[in-house]
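The chain contents come next:
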Amino acid sequence: MMASYGGGGRAGIRHAYPLAVTSASFTAAFVLNLRTLPYAFVRFFLHAVHAIVAVAFFGAVLVCAGVVGKSVHPGAGVAVFVAGLIIYGIVWAWWFRYVLYAVKCGHIACLTDLVTRGKVGNGSEGMLSYGRHVVRERFPDVVQVYLLQALIRGVVGEFNMAIGFLGDLLPFDLGFAMMFGRRLLRASTRYLDETLFSYSLIRRNEPLWDVCSEGLGYYFQNSKEILKTSIWMMFLGVVFRWVMWIVFIAVGIVIFLPIANALIASHASELAAAGETGPGVDPSGALALVSAFAIALFFSAIGVYSVTHAFLHPVYLTMVMTKFLISIQSQPLDPSFERYLGGSRAQALRNFTTQLRGNGARSR
């Protein structure tokens, strides 16, 4: 199983671990993720299935709501639609999303080993099996970090609302600056919980609260470096998103245009009778092109969504995680944060999370 590295024994330094990777560049992160491709393919499959099932589910809900609303009462149709939204929200929030998060944590375990030791586990176990064992062993920690993710997103959302409120009070427009600030805030905290989970794996024999709270202090202590990486990630995200949309739509049109032409030609009489085409059956090819573009757009949305979450987000996470581990390897924790960790509030939270971890371990 994963090696454990405890306190460093140096003044103010909370850890001691090796580093097999000394660069947090996009290239280094991309190479590391190439070594964990099995996880990328699993995540791609899960995200693609989710996107397709979501579209099919909402399509079925809309059809059912329309039928019920027409045959029974419009209010009944609205009730069916709302019930469908609730069912989807429960399934997504409490099952599918957690499954994805558990897979992500297994992936993080493999990436952490590669960054610190240059290999996954002891080399005798497959990556997927190794990650599954780590998640099972650290199940209470995975649950707590999952809840931490929701808390972080809630805090970031509240902060963004405060920024918007402040912008409404100002007599001049800060539209672009506010939009950039919100996106930068989301980008710089998006992988905070995953980075803390990676840090907890390195210090696996210590209480989760101690590790995550100290890791949080280290994270904000190195916020300048994290922000630099986040700005670079934002730029790469825009570039890759445009490239993916163009490529997926172009490939989709090439694939679906001949199919659309064949379908239009095979249904020429029906289309002519309906007035959709003239005697020449779409002589300009406009109907076939529009049809192919619409289908390509649909599958491109699924493709961009799946590729972004399965391949690009892990690379961005690796960039942030590696930057964090490189920055703090020989860095003492700020004394002001040390004083906070010794306070009564911190002790109360420490006791609560320790109790939660114990309850989770007994429930497995």
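This text follows the structure it describes.
Here we summarise the structure given alongside this text.

**Considering the overall build of the protein chain**
- Across its full length, the protein chain carries 13 helices and zero strands.
- Of the regular secondary structure in the protein chain, the N- to C-terminal order runs α-α-α-α-α-α-α-α-α-α-α-α-α.
- Within the protein chain, buried positions represent 40% of all 364 residues.
- Within the protein chain, residue pairs in contact and separated by at least 24 positions form 83% of the contacts whose partners lie at least 6 positions apart.
- Of the roughly 19000 Å² that the protein chain leaves accessible, carbon and sulfur atoms contribute 71%.

**Description of the packing of aromatic side chains**
- For the structure shown, the criterion picks out 15 aromatic pairs.
- Grouped by ring-pair contacts, the aromatic residues Y199, Y218, Y219, F220 and F324 constitute a single cluster.

**Focus on the side chain of K104**
- Here K104 is to be found in helix 3 (residues 74–116).
- Assessed through its relative accessible area of 15%, K104 is described here as buried.
- Here E194 takes part through its side chain, which lies 3.0 Å from a polar atom of the side chain of K104.
- Dropping the residues within four chain positions of it, K104 is found in contact with R43, Q149 and E194.

**Some remarks on the packing of helix 7 (residues 192–202) against helix 8 (residues 208–221)**
- Contact pair helix 7 / helix 8: the axes reach a minimum separation of 9 Å and the direction vectors enclose 125 degrees. Taken together, the axes of helix 7 and helix 8 are oblique relative to one another. In this structure, helix 7 meets helix 8 at a crossing whose hand is right-handed. Residues L192, T195, L196, Y199 and S200 of helix 7 form the contact with helix 8, whose own contacting residues are L208, V211, C212, G215, L216, Y218 and Y219.
- Its residues assigned to classes, the contact of helix 7 with helix 8 shows nine nonpolar, three polar and no charged.

**A short note on the environment of A288**
- Mapping A288 onto the fold places it in helix 11 (residues 286–328).
- It is 9.8 Å that separates the C-alpha atoms of A288 and A265, two residues lying 23 residues apart in sequence.

**What to know about the nonpolar core**
- Core analysis: the largest hydrophobic core is formed by 56 residues, its most contacted members being F197, Y199, Y316, M319, F324 and L325.
- Residues within four places of M319 in sequence aside, it is in contact with A24, S25, F26, A29, T229, W232 and M233.

**Observations regarding helix 1 (residues 26–34)**
- When helix 1 is considered as a whole, its buried residues turn out to be F26, A28, A29, L32 and N33. Viewed along the axis of helix 1, the buried residues span an arc of 165 degrees, placing them on a single side of the element.

**Topic: the pattern of salt bridges**
- Enumeration according to the criterion identifies seven salt bridges in this entry.
- With its nearest N and O atoms 3.0 Å apart, the salt bridge here joins E194 to K104. Remark: K104 occurs in helix 3 and E194 occurs in helix 7; sequence separation between them is 90 residues.
- Take E194: its relative accessible area is 3%, and that puts it in the buried class.

**Brief notes about the packing of helix 7 against helix 11**
- Viewed as axis vectors pointing N to C, helix 7 and helix 11 meet at an angle of 50 degrees, and their least axial separation amounts to 9 Å. Looking at the two axes, helix 7 sits oblique to helix 11. Crossing geometry of helix 7 relative to helix 11 is assigned as right-handed. Where helix 7 abuts helix 11, its residues E194, T195, S198, Y199 and I202 lie against L317, V320, M321, F324, L325 and I328.
- Looking at the contact of helix 7 with helix 11 residue by residue, the classes come out as eight nonpolar, two polar and one charged.

**With respect to helix 7**
- With 11 of its 11 residues buried, helix 7 lies for the most part within the structure.
- Residues of helix 7 that are buried: L192, D193, E194, T195, L196, F197, S198, Y199, S200, L201 and I202.

**A word on the side chain of T116**
- Within the secondary structure layout, T116 lies in helix 3.
- Residue T116 is classed as buried on the basis of its relative accessible area of 4%.
- Reaching out from T116, the side chain makes a polar contact with the backbone oxygen of T112 at a distance of 2.7 Å.
- In contact with T116, not counting residues within four places along its chain, are Y17, P18, L19, A20, I202 and L325.

Definitions and cut-offs
- Residues numbered from 1 in each chain as written.
- Predicted model: local features only at pLDDT ≥ 70, side-chain atom pairs only at ≥ 80, totals over all residues.
- Heavy atoms only, no water.
- Helix = DSSP H or I, 4+ residues; strand = E, 2+ residues; numbered from the N terminus.
- Buried < 20%, exposed > 50% of the residue type's maximum accessible area, 1.4 Å probe, protein only.
- Contact = heavy atoms within 4.5 Å.
- Areas by Shrake-Rupley, 256 points an atom, 1.4 Å probe, with all protein chains shown as cover.
- Phe/Tyr/Trp six-rings, centres within 6.5 Å; stacked < 30°, edge-to-face > 60°.
- Polar contact = N/O pair within 3.5 Å; in protein donor to acceptor, adjacent residues only side chain to side chain.
- Axes fitted to C-alpha atoms, helices over the stretch in contact; angles between N-to-C directions.
- Parallel < 35°, antiparallel > 145°, perpendicular 65-115°, else oblique.
- Left-handed = near helix turned anticlockwise from the far one by under 90°.
- Nonpolar A, V, L, I, M, F, W, Y, C, P; charged D, E, K, R; others polar.
- Core = buried A, V, L, I, M, F, W, Y, C linked by side-chain atoms within 4.5 Å.
- Arc of directions from axis to C-beta.
- Salt bridge = Lys/Arg side-chain N within 4 Å of Asp/Glu carboxyl O.

Read these as spatial facts, not as claims about activity.
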